Amino acid sequence: MISPALAWGQFLTACLLGAGLGLVYDFLRPLRPRFTALSDLLFLGVLGYTLVYLFFGVCRGDIRGGYALGLAAGGFCWEWTLGRIFSPVFAGFWKALGHLFRALAAPWKKFFQKNPKKTKIFLCKLGKMGYNKEE
């Protein structure tokens, strides 16, 4: 038998972990339109780790459905409160990171577009370095 105080503490811990999951989901949300599989895979990894930590670290093997509902409640509370504030911040972060990568890749893009023969030779050499057909 588990005491009500211990059950309540574990449920509140599950709610806090759920809020953390809401934060991670909110952080990865701007990636979903273009990189859906990547963002979902990252989130599922964090979710799996959080579930294992909750059930075996916090609850010490006492697996109950109410604690999983605590994760969901914490995630929804994050979305309805602080998520509304942080969503535009995360979107701006990913937008700025995209601009940075495009700016870093622009000279290479121009080089490869202006020199198609050199590009073809370069890509053929790359292919030969990494792949040997005789083996």
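Residues numbered from 1 in each chain as written. Predicted model: local features only at pLDDT ≥ 70, side-chain atom pairs only at ≥ 80, totals over all residues. Heavy atoms only, no water.

Asker: Pulling in residues and values, what's your account of the layout of surface pockets?
Answerer: Its volume calculated, the largest pocket comes out at about 350 Å³. As for the largest pocket, its lining consists of Pro30, Leu31, Pro33, Arg34, Phe35, Trp94, Lys95, Leu97, Gly98, Phe101 and Arg102. Classifying every residue of the lining of the largest pocket gives 7 nonpolar, 1 polar and 3 charged. The volume enclosed by the second largest pocket comes to roughly 180 Å³. Put simply, the parts of the chain that give the lining of the second largest pocket at least two residues each are helix H1 (4-28), helix H2 (36-58) and helix H3 (65-80). Examining the composition of the lining of the second largest pocket, we find that 5 residues originate from one element, H3, more than from any other. Classifying every residue of the lining of the second largest pocket gives 7 nonpolar, 3 polar and 1 charged. (1 Å grid on protein atoms, 1.4 Å probe; cavity = no way out; pocket = protein on both sides within 12 Å on 5 of 7 lines; lining within 4 Å. Points joined across faces, edges and corners; volume = space filled by probe spheres on them. Nonpolar A, V, L, I, M, F, W, Y, C, P; charged D, E, K, R; others polar. Helix = DSSP H or I, 4+ residues; strand = E, 2+ residues; numbered from the N terminus.)

Asker: For the packing of aromatic side chains, give the residues involved together with the corresponding values.
Answerer: A full pass over the atoms with the stated rule returns 9 aromatic pairs. Considering the side-chain rings of tyrosine 25 and phenylalanine 43, the 5.4 Å spacing of their centres and the 70° angle between planes classify their relative orientation as edge-to-face. Taken together, the positions of tyrosine 25 in helix H1 and phenylalanine 43 in helix H2 put the pair 18 residues apart, joining distant regions of the chain. In this structure tyrosine 25 comes out as partly exposed when scored by relative accessible area, which is 31%. An aromatic cluster of three or more residues is present, and its members are Phe27, Trp78, Phe86, Phe90, Phe93 and Trp94. (Phe/Tyr/Trp six-rings, centres within 6.5 Å; stacked < 30°, edge-to-face > 60°. Buried < 20%, exposed > 50% of the residue type's maximum accessible area, 1.4 Å probe, protein only.)

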